[in-house]
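Reading the structure
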There are 2 protein chains.
Amino acid sequence: MKKNKIAISLGDLNGISPQIALKAHKKIIKWCQPIYITNRFAFKNSAKLLGTKIPKNLKIINIGKNFKIKKGKVCPLSGKISYQSFIKAIKLTKKNRTKAVVTLPINKESWNKAGITQKGHTDTLESFFKQKAIMMIGCPQLFGAFFTHHIPLKDVASHIKTQKLKKFFLAFYRNTKQNKIAILALNPHAGDNGVMGDEEKIITKAIKKSNEKLKKEIFFGPLVPDTAFTKQNRKNFTYFIAIYHDQGLIPLKALYFEESINVSLNLPIIRTSVDHGTAFDKAYKNNNISIKSYLNAVKDAISRANQK
Amino acid sequence: MKKNKIAISLGDLNGISPQIALKAHKKIIKWCQPIYITNRFAFKNSAKLLGTKIPKNLKIINIGKNFKIKKGKVCPLSGKISYQSFIKAIKLTKKNRTKAVVTLPINKESWNKAGITQKGHTDTLESFFKQKAIMMIGCPQLFGAFFTHHIPLKDVASHIKTQKLKKFFLAFYRNTKQNKIAILALNPHAGDNGVMGDEEKIITKAIKKSNEKLKKEIFFGPLVPDTAFTKQNRKNFTYFIAIYHDQGLIPLKALYFEESINVSLNLPIIRTSVDHGTAFDKAYKNNNISIKSYLNAVKDAISRANQK
């Protein structure tokens, strides 16, 4: 079988991305045909600074102006290249020339200094496709999506509406095709029958309606949050929908920080990403950088491409 | 050195407590002099149903009316005995006849049916001593206390006040004597400089004032919640103060469910407890019941008694 072409958007070259990509290349080329999208001159500069060379079998699509690496520094040029690299990767994948996009981290400040109005990868995807993405974070043992994201905690409850929840649940199901999805409650002890909050009634209704719509029991819950992620319950479920950002991210990062990836669902293309930042403080310092998240991101992208 | 006397309040005998106590006795008698407080007749009945006998070196203080075990059943008599056992344990420890109280789980419904107005152990302690307790949950690797407990999630933010936080932080410090205590933020990304909520300003102020009061840096934070419990950060901190119930309990139970214990701080006596329920569904069925939490509760009680 011909190996899938995967577009790798290298992210900010002043961070740890080039090191990760070079360290992982030998492995991932066995699984797919990676197409690295970045500025070739700067990437060569990275390799040199890391005391290595770009392997002969590493295919680069060159973009943007040449620039020199500023180790671990915010830099508009580096920001611009990482943005252009991502846009190129999206376009190639949209045209089916590559089967998925895998991203390495960008620096938000560098994007900002380069005059890029989007805040990050997901934002860029949403404005490119004019469509809301569902962000899913995790690893093969545990995946979580979040019904609400970057809003104050006190505002979370006001977003809990039957129709909105139902739409989210069904979109998550369409995109993951999982036959068992755990839905979390909002309040401690799932509200204890209304004693500590009653949003669980709405969540229960949304679960019921979503299952009715699918004519099968896919969604389970609302689960008592504090026991939802115990070892025992993780045997029952791999896919979770958390109601708010930290409810899902706290256990995910407590359990699987290093290996976690970020998957953008509900879009015309497949995009996976590492779930860490540019780590400017660690860039170009030593070889002790974990590539677990990146390897998982590549594997996941390939497996989703094969399922499509 | 003479071994400390520890009062063991056996909890509801219709649940898994007798099995745990009998299974662990051989171990804990090496560490302390356990004094089991319960109804002797019913406890003997438990042992018989479990196919064993009460060991000769197991010291019982007999209380309440004799009754027969109803395996895994809500029962006012069993509820009453578990309440009386707890009160007796508190009184003995208050008089310094025992050095600490360790509790096995009670059944809230059985208490209710026995006409007991308190809802549970902590509630009973607070009304006995007329003093607010601080509940701390965890195990030697990770302990957490919660600034707010059983309230709707949407109400948490309104409790965040500088003085109230400061009082809680300082009480926690007095009771744990830890020299590094992590304080969590409320909002995603700790509010990202006010973009997603601004309660972090108040938490920051309370941390600053508390450290000033102690004339040393004890409290650190507010930490970004989603990375507070990563493996890396758990190397920096063992004691955490979460702002709300699930923020602390989700990671604790995800990581250390089986071995977790419950410690009541800020009271005249030491009380530790297992962090699980009566498990009526598992009672008197097989021997596959974990005693990890109980062993940790006993160990912790002994170590706190020695420090006193």
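Counting from 1, residues in each chain are numbered in the order their sequence is written. Chain A is the first chain written and ligand 1 is the first ligand written, with later ones labelled in order. pLDDT decides what is reported in this predicted model: residues at 70 or higher carry local features, side-chain atom pairs at 80 or more are listed and counted, and totals for whole chains, interfaces and linings draw on all residues regardless. Heavy atoms throughout the structure, all of them, feed into the side-chain values; hydrogens and water do not.

Looking now at the relation of the copies chain A and chain B. Screw-axis analysis of chain A against chain B gives a translation of 0.0 Å along the axis, an RMSD of 0.1 Å, and a rotation angle of 180°. One copy is carried onto the other by what is essentially a two-fold rotation axis. Interface residue correspondence from chain A to chain B reaches 100%, placing this contact among same-surface, isologous pairings. Least-squares superposition aligns the copies on the C-alpha atoms of those residues with pLDDT at or above 70 in both. Working rule for contacts: check all heavy atoms of both residues, and any pair within 4.5 Å makes them a contact.

All names here are of chain A. Reading across the sheet, the eleven strands line up as S3-S2-S1-S4-S11-S10-S5-S6-S9-S7-S8 and stay open at both edges, with mixed pairing between neighbours. The sheet terminates laterally at strand S3 (59–62) and strand S8 (219–223), the two strands that pair on one side only. Going from strand to strand, the sheet's axes swing by 25° on average, the running direction of each strand aside. When DSSP finds two or more bridges between a pair of strands, those strands are recorded as paired. Helix numbers and strand numbers start at the N terminus; a helix is a DSSP run of H or I with at least 4 residues, a strand a run of E with at least 2. Pairing of strand S5 (residues 134–139) with strand S10 (residues 261–265), which is carried by five bridges, proceeds in the antiparallel orientation. Paired with methionine 135 across the two strands is serine 264, which belongs to S10. Helix axes are fitted to C-alpha atoms over the stretch in contact, other axes to C-alpha atoms as well, and angles between N-to-C directions run from 0 to 180 degrees.

Okay, the pairing of strand S6 (residues 142–146) of chain A next. All names here are of chain A. Burial classes: relative accessible area under 20% of the type maximum marks a residue as buried, over 50% as exposed, and values in between as partly exposed (1.4 Å probe, protein chains only). For S6, the buried fraction is high: five of the five residues fall into the buried class. Across the two faces of S6 the burial is the same, with Leu142, Gly144 and Phe146 and Phe143 and Ala145 all buried. One ladder, built from four bridges, connects S5 with S6; its direction is antiparallel. Considered in S6, the bridge of glycine 138 is made with phenylalanine 143. In textbook terms, the turn of a hairpin is the stretch between consecutive antiparallel strands, and for S5 and S6 this stretch comprises two residues. The pairing of S6 with strand S9 (residues 239–242) spans four bridges and is classified as parallel. Looking across to S9, one finds that alanine 145 is bridged to isoleucine 241.

Below, the discussion takes up the packing of aromatic side chains. Classification of ring pairs rests on two measures: the distance between centres of Phe, Tyr or Trp rings, Trp counted by its six-membered ring, which must be within 6.5 Å, and the angle between planes, read as stacked under 30 degrees, edge-to-face over 60 and tilted in between. What the rule picks out here adds up to 23 aromatic pairs over all chains. Among the aromatic residues, ring-to-ring pairing joins A:Phe220, A:Phe229, A:Phe237 and A:Phe240 into one connected group. Two thresholds decide whether a charge sits over a ring: the Lys NZ or Arg CZ must be within 6 Å of the ring centre and within 35 degrees of the ring normal. Sitting over the face of the ring of B:Phe237, B:Lys180 holds its NZ or CZ atom 4.9 Å from the ring centroid.

With that out of the way, let us pick up the domain arrangement of chain A. All names here are of chain A. For every domain, the bounds stem from an assignment made automatically or drawn from a database. When its domains are assigned, chain A resolves into domain 1 (1–131 + 267–308) and domain 2 (137–263). Computed from C-alpha atoms alone, the centre-to-centre distance between domain 1 and domain 2 is 30 Å. Contacts between the two partners involve twelve residues from domain 1, matched on the other side by 13 residues from domain 2. Buried area adds together the accessible area that both of two parts lose upon being put together, with accessible area traced by a 1.4 Å probe. Carbon and sulfur atoms supply 46% of the area that domain 1 and domain 2 bury against each other, a total of about 1100 Å² over both sides. Its largest share of buried area at the contact with domain 2, domain 1 owes to Asp275, Asn296 and Arg304, together 47% of the area lost on that side. Salt bridges are counted wherever a side-chain nitrogen of Lys or Arg sits within 4 Å of a carboxyl oxygen of Asp or Glu. Here domain 1 and domain 2 share one salt bridge between them. Linking glutamate 258 and lysine 292 is a salt bridge whose minimum nitrogen-to-oxygen distance equals 3.4 Å.

Now for the packing of helix H3 (residues 76–94) of chain B against helix H5 (residues 121–129) of chain B. All names here are of chain B. Two elements in contact, H3 and H5, have axes whose closest approach is 11 Å; the angle formed by their N-to-C orientations is 45°. Between H3 and H5, the interaxial angle falls into the category oblique. By crossing handedness, the relation of H3 to H5 is classed as right-handed. Contacts between H3 and H5 pair Tyr83, Phe86, Ile87, Ile90, Lys91 and Lys94 from the former with His121, Thr124, Leu125, Phe128 and Phe129 from the latter. Think of it as three bins: nonpolar holds Ala, Val, Leu, Ile, Met, Phe, Trp, Tyr, Cys and Pro, charged holds Asp, Glu, Lys and Arg, and polar takes everything else, Gly as well. Grouping the constituent residues of the contact of H3 with H5 by class yields seven nonpolar, two polar and two charged. By definition in this entry, angles of less than 35 degrees are roughly parallel, angles greater than 145 are roughly antiparallel, angles of 65 to 115 are roughly perpendicular, and the rest are oblique. Take the far helix as the reference: if the near one is turned anticlockwise from it by less than a right angle, the crossing is left-handed, and if turned clockwise, right-handed.

With 31 residues of chain A at the interface, the matching set in chain B holds 31 residues. Roughly 2700 Å² is buried in total at the junction of chain A and chain B, and carbon and sulfur atoms are behind 67% of that figure. By the criterion of area lost to chain B, the three top residues of chain A are A:Leu153, A:Asp226 and A:Ile250, representing 23% of everything that side buries. In this structure, A:Glu199 and B:Lys154 form a salt bridge, with 3.2 Å as the shortest nitrogen-oxygen distance. In terms of residues, the side of chain A that touches chain B owes the most to one element, helix H10 (residues 245–256) of chain A, which gives nine residues. Considering only residue class, the side of chain A that touches chain B consists of 16 nonpolar, nine polar and six charged.

Residues and elements named next belong to chain B. An order of S3-S2-S1-S4-S11-S10-S5-S6-S9-S7-S8 is seen for the eleven strands of this open sheet, with the pairing classed as mixed. Two strands bound the open sheet, and with one partner strand each, they are strand S3 (59–62) and strand S8 (219–223). For this sheet, the mean angle separating the axes of adjacent strands, direction not counted, is 25°. Here three bridges tie strand S4 (residues 100–103) to strand S11 (residues 271–274), and the two strands are oriented parallel to one another. Looking at S11, one finds that valine 101 is bridged to arginine 271.

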